[in-house]
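Remarks on the overall topology
One-letter residues, chain by chain:
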Amino acid sequence: MGSAVEGITIALSKGRIFEETLPLLASAGITPLENPETSRRLIIPTNREDTRVVVVRATDAPTYVQYGAADIGVAGKDVLIEHGGDGLYQPINLGIARCRMMVAVPAGFDYERAVRQGARLRVATKYLKIAREHFAAKGVHVDLIKLYGSMELAPLAGLADAIVDLVSTGNTLKANDLVAVEHIADISARLIVNQAALKLKRDRIVPILDALSKKEAP
Ligand code: PRT
Ligand code: MG
């Protein structure tokens, strides 16, 4: 359990997760003392001496919590599906960082027709597991191409026929002449807790869960 044994360590990614988690932490009486957007420090103290925030990549939050390097973390449902739930307790839907997992194609591409005709689609995505399950359930044959970001570029550059990606405002799709053709899932961020930490540090973790549960999404 490393250095996390004594206090409470919370894993957050910078950007929308950090910003949208801040008011929730405040309701639990926790205020980080630095902003990861402007600070280069990866371990951020809080107003509570026994509580710190570690700044991780969004996709790494479940890993830190799974191994107990962080006791608590916040991760998108997308990240959790791809990671799998090993060693994680997922008690609360925080209802923040909301978006939709979608299939998108270039504006001129007749997706329905391609699917009807049983064409083999090339699909670029960061979300291999979600995409594989989605197309398998539909009985659509796909070649999945793993990317690490900027999925919107793939159809434009001729790498893929379609993408599976997150959409919130839809502005990125629009700016790249792509249209969403299928909704796969609604996504929001979840609180995750290390199962062993929940037992060993119950007295300190449960009040945090209680405070955040009061804000739980419907
Ligand atoms: O950005 P970075 O490569 O560092 O990491 P990340 O993309 O994994 O992290 P971050 O902070 O961008 O996202 C963290 C979590 O926020 C994700 O795991 C999602 O659960 C959630 N979330 C909510 C989103 C979005 N909305 C979102 N719009 N994650 C990504 N996007 C991207 C999307 O991939 C697309 O490129 O934003 C673009 C589309 O946005 P719109 O508004 O133009 O539709
Ligand atoms: Mg991002």
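Counting restarts for each chain, with residues numbered from 1 along the sequence as it is written. Working convention: letters from A go to chains and numbers from 1 go to ligands, in the order in which they are written. Per-residue local features are limited, in this predicted model, to residues with pLDDT of at least 70; the limit for side-chain atom pairs, both in listing and counting, is 80 or more; totals at the level of whole chains, interfaces and linings are taken over all residues. Think of the side-chain values as coming from all heavy atoms in the structure, minus any hydrogens and water.

Overview of helix α1 (residues 16-27)
Selection criterion: Working definition: with a 1.4 Å probe on protein chains only, accessible area under 20% of the residue-type maximum means buried, over 50% means exposed, and in between means partly exposed. Helix and strand assignments come from DSSP, with helices taken as H or I runs of at least 4 residues and strands as E runs of at least 2, each series counted from the N terminus. Working note: the arc is built from the helix axis to C-beta atom directions. Residues are treated as being in contact if the distance between any of their heavy atoms lies within 4.5 Å.
Of all the positions in α1, only I17, F18, T21, L24 and L25 are classed as buried. Buried residues along α1 cover an arc of 125° about the axis, so they all sit on one side. Where α1 is buried, its residues contact β1 (8-12), β3 (51-55), β4 (72-76), β11 (189-194) and α9 (202-213). With its phi angle positive at about 80°, G29 sits one or two positions after the end of α1.

Focus: the site of ligand 1
To be explicit about the condition: Nearness is judged by heavy atoms alone; a residue qualifies as near a molecule or strand once a single heavy atom is within 4 Å of it. Polar contact is the term for a pair of N or O atoms within 3.5 Å; when the atoms are in protein, one must be able to donate a hydrogen and the other to accept it, and sequence-neighboring residues count only if both atoms are side-chain atoms.
Of all residues adjacent to ligand 1, which total 21 residues, the nearest are D78, S168, T169, G170 and T172. One of the side-chain N or O atoms of R16 is found 3.2 Å from an oxygen atom in ligand 1. Contact distances for ligand 1 include 2.9 Å between an oxygen atom and a side-chain N or O atom of D165. Only α1, α3 (77-83), β9 (162-167) and α7 (171-175) provide two or more residues apiece to the shell around ligand 1.

Here's the deal with the environment of Y111
Assignment of secondary structure puts Y111 in helix α4 (residues 111-116). A relative accessible area of 2% places Y111 in the buried class. Once the C-alpha coordinates of Y111 and T31 are considered, the two residues, 80 residues apart in sequence, prove to be 47 Å apart.

A closer look at the pattern of salt bridges
Operational definition: By definition here, a salt bridge exists when the distance from a side-chain nitrogen of Lys or Arg to a carboxyl oxygen of Asp or Glu is within 4 Å.
Applying the stated criterion to the full structure yields seven salt bridges. Among the salt bridges present, the one from K201 reaches D71, with a minimum N-O distance of 2.9 Å. Linking K201 in the loop between α8 (195-200) and α9 with D71 in the loop between α2 (61-66) and β4, this pair joins segments that are 130 residues apart in sequence. Look at K201 and you get buried, because its relative accessible area is 3%. Close ionic contact of R120 with D143 constitutes a salt bridge, the shortest N to O distance being 3.0 Å. Taken as a pair, R120 in the loop between α4 and β7 (121-125) and D143 in strand β8 (residues 142-146) lie far apart in primary sequence, 23 residues in all. For D143, a relative accessible area of 34% translates into the label partly exposed.

Overview of the pairing of β4
Applicable threshold: Note on pairing: two strands pair once DSSP finds at least 2 bridges between them.
Within β4, five of the five residues are buried, leaving the element largely enclosed by the surrounding structure. Burial along β4 is two-sided: I72, V74 and G76 and G73 and A75, pointing in opposite directions, are all buried. Here five bridges tie β4 to β11, and the two strands are oriented antiparallel to one another. Residue pairing for β11: G73 is matched across the bridge by I192.

Digging into the sheet that holds β1
The criterion, for reference: Axis definition: a line fitted to C-alpha atoms, limited for helices to the stretch in contact. Angles are taken between N-to-C directions and run from 0 to 180 degrees.
Strand order in this open sheet of six strands is β2-β3-β1-β4-β11-β5, and the pairing throughout is mixed. Since the sheet does not close on itself, it has two edges, and those belong to β2 (43-45) and β5 (88-93), each with one partner. Sheet twist, expressed as the average angle between the axes of neighbouring strands with direction ignored, equals 30°. Here three bridges tie β2 to β3, and the two strands are oriented antiparallel to one another. Looking across to β3, one finds that P45 is bridged to R52. Most of the contacts of α1 go to β1, to which it runs at about 140°, and overall it touches β1, β3, β4 and β11.

Thoughts on helix α5 (residues 128-138)
A turn of α-helix holds 3.6 residues, and therefore any two residues three or four places apart point the same way. For α5, the set of buried residues is I130, A131, H134 and F135. The buried residues of α5 all sit within an arc of 115° when viewed along its axis, so they share a single face. More than 90 degrees from the buried face of α5, the exposed residues found are A136 and A137. Just downstream of α5 lies G139, where phi reads positive at about 70°.

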